[in-house]
Amino acid sequence: MKIKLPERLLSVASMILPGKAAADIGTDHGYLPVHLVVEGICPFVIATDRARSPLESARQLVELLSLTKTIDIRFGEGLEILEPGEVATICMAGVGGATIRSVLSDSPLVLDKTERLVLQPQRGAVGLRRWLADNGFTIVAEDLVMEDGFYYEIIGVEHGHMVLDESQTEFGPLLLANRHPLLKDYLELKKADLTRLIDGLSQNRTKECQERLAQLSYGVQRIERALKCL
Ligand SMILES: C[S@@+](CC[C@H](N)C(=O)[O-])C[C@H]1O[C@@H](n2cnc3c(N)ncnc32)[C@H](O)[C@@H]1O
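Worth saying up front: this structure is predicted, and the values here are computed from it rather than measured.

**Student:** Describe the site of the ligand, naming the residues involved and giving the relevant values.
**Tutor:** Near the ligand, the surroundings consist of 18 residues, among which Arg8, Gly26, Asp49, Glu77 and Gly78 are the closest. With respect to the ligand, the side chain of Arg8 contributes an N or O atom lying 2.7 Å from an oxygen atom. Separating a nitrogen atom of the ligand from a side-chain N or O atom of Glu77 is a distance of 2.8 Å. Calculation on the ligand without its partners gives an accessible area of 600 Å², and the protein chains cover 83% of this total. Looking at the shell around the ligand, the elements with two or more residues in it are helix H1 (7-14), strand E4 (89-95) and helix H4 (97-106). If you tally residues by element for the shell around the ligand, the top one is E4, at three residues. Its residues assigned to classes, the shell around the ligand comprises six nonpolar, seven polar and five charged.

**Student:** Quick one: what's the story with the side chain of Arg8, residue by residue and with numbers?
**Tutor:** Topologically, Arg8 is positioned in helix H1. The exposure class assigned to Arg8 is buried, which follows from its relative accessible area of 14%. Those residues in contact with Arg8, other than ones at most four positions away along the chain, are Ala93, Gly94, Gln120, Val145, Glu147, Tyr152 and Ile154.

**Student:** An account of the pairing of E4 is needed here, citing residue identities and associated values.
**Tutor:** Counting buried residues in E4 gives five out of seven residues, a clear majority hidden from the surface. Note: strand E1 (residues 22-25) against E4, four bridges, orientation parallel. Bridge pairing in E4 places Ala22 opposite Thr89. Summarising the sheet, E4 and strand E5 (residues 116-121) pair through six bridges and their orientation is parallel. Bridge assignment links Thr89 to a residue of E5, and that residue is Arg116.

**Student:** Outline unusual backbone geometry, listing residues and values.
**Tutor:** Although it is not a glycine, Asp28 adopts a positive phi angle of roughly 60 degrees. Of note, Asp28 is situated in the loop between E1 and helix H2 (31-38). Asp28 gets classed as partly exposed once you look at its relative accessible area, which sits at 37%.

**Student:** Describe the nonpolar core, and please don't skip the residues or the numbers.
**Tutor:** Core analysis: the largest hydrophobic core is formed by 29 residues, its most contacted members being Val12, Ile16, Val34 and Ile71. Mapped onto this core, the elements with two or more residues apiece are H1, H2, strand E2 (45-49), helix H3 (52-64), strand E3 (71-75), E4 and strand E6 (137-147). When neighbours within four sequence positions are excluded, Ile16 is seen to be in contact with Ala22, Leu36, Cys42, Thr89, Cys91 and Val118. Among the nonpolar cores identified, the runner-up in size contains 26 residues, and Leu111, Trp131, Phe137 and Met162 belong to it.

**Student:** With reference to specific residues and values, describe the domain arrangement of the chain.
**Tutor:** How large an interface is tends to be reported as the accessible area lost when its parts come together. Assigned domains of the chain: these are domain 1 (7-163) and domain 2 (184-228). On a C-alpha basis, the centres of domain 1 and domain 2 stand 33 Å from each other.

**Student:** So what about the packing of aromatic side chains? Which residues, and what values?
**Tutor:** This structure, assessed with the given rule, holds two aromatic pairs. Each ring, one from Trp131 and one from Phe137, has its centre 6.3 Å from the other, and the planes form 20 degrees; the classification is stacked. Residue Trp131 shares its accessibility class with Phe137, and that shared class is buried. Arranged with centres 4.9 Å apart and planes meeting at 45 degrees, the rings of Tyr151 and Tyr186 form a pair that is tilted. With Tyr151 in strand E7 (residues 150-159) and Tyr186 in helix H9 (residues 183-201), this residue pair connects regions lying 35 residues apart in the sequence. For the pair Tyr151 and Tyr186, a shared accessibility class is recorded, and that class is buried. Here Arg52 stacks its cationic end above the ring of Phe75, 3.6 Å away from the centre of that ring.

**Student:** Before we move on, could you go through the side chain of Arg129 and cite the residues and values that matter?
**Tutor:** Tracing the backbone through its elements, the reader meets Arg129 in helix H6 (residues 125-134). By relative accessible area, which is 0% here, Arg129 ends up buried. Side chain to side chain, Arg129 and Glu153 meet in a polar contact 2.4 Å long.

Calculation notes
- Residues numbered from 1 in each chain as written.
- Predicted model: local features only at pLDDT ≥ 70, side-chain atom pairs only at ≥ 80, totals over all residues.
- Heavy atoms only, no water.
- Near = heavy atom within 4 Å.
- Polar contact = N/O pair within 3.5 Å; in protein donor to acceptor, adjacent residues only side chain to side chain.
- Areas by Shrake-Rupley, 256 points an atom, 1.4 Å probe, with all protein chains shown as cover.
- Helix = DSSP H or I, 4+ residues; strand = E, 2+ residues; numbered from the N terminus.
- Nonpolar A, V, L, I, M, F, W, Y, C, P; charged D, E, K, R; others polar.
- Buried < 20%, exposed > 50% of the residue type's maximum accessible area, 1.4 Å probe, protein only.
- Contact = heavy atoms within 4.5 Å.
- Pairing = 2+ DSSP bridges.
- Core = buried A, V, L, I, M, F, W, Y, C linked by side-chain atoms within 4.5 Å.
- Domains from an automatic or database assignment.
- Phe/Tyr/Trp six-rings, centres within 6.5 Å; stacked < 30°, edge-to-face > 60°.
- Lys NZ or Arg CZ within 6 Å of the ring centre and 35° of its normal.

Here it is as structure tokens:
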């Protein structure tokens, strides 16, 4: 039986180091580990979650597909259930950027021995890129996926040095450099959101509102600058 992965998780799968073990942190349904093993991308996958109920459905799926020898289901928080060097790739998808940052910060020994991270923050990609640059990671792959009317950023990193300017931090260095085909529409949508907020606030003369308006207008300028380069 094959699992039909959503575009977002297909993109995550495409960035995982093939032929080596991987871990899916916050696996929930377990679809990604099943795809990685069934498609022959990874010989072994550790599927983890800190919530019992989703992990139970992942366990049932793995048993149903007789994949218990190649997918190890582990209950626990973040990377705490991994030994350093146990897997080459760690992926974390569908959780907030702040959670990803805290999970990575909490397990430096595991992180140190991991070759690649594949991260798909639901929100907070900007703060996550900043954290990655400040903590010795460099972006090696980046993708943007539209699914059910929402855009998702997928970021693949390895240990290394990276310096990002404001625009690269905000919109993704490789998305910009490669002029990702969805980036223009994504930025136009962001600009429309900011413009709507500006219109809503523009009648309000309080100091706080004026400060917020200035921030929002600067946000629009940054987007317009990035759009000119596409
Ligand atoms: C929205 S689901 C995403 C599932 C799947 N990764 C995907 O992208 O479709 C988020 C899952 O991450 C788990 N999770 C959140 N924070 C976690 C943490 N610190 N450690 C382990 N699992 C976590 C949650 O319990 C939940 O099952």
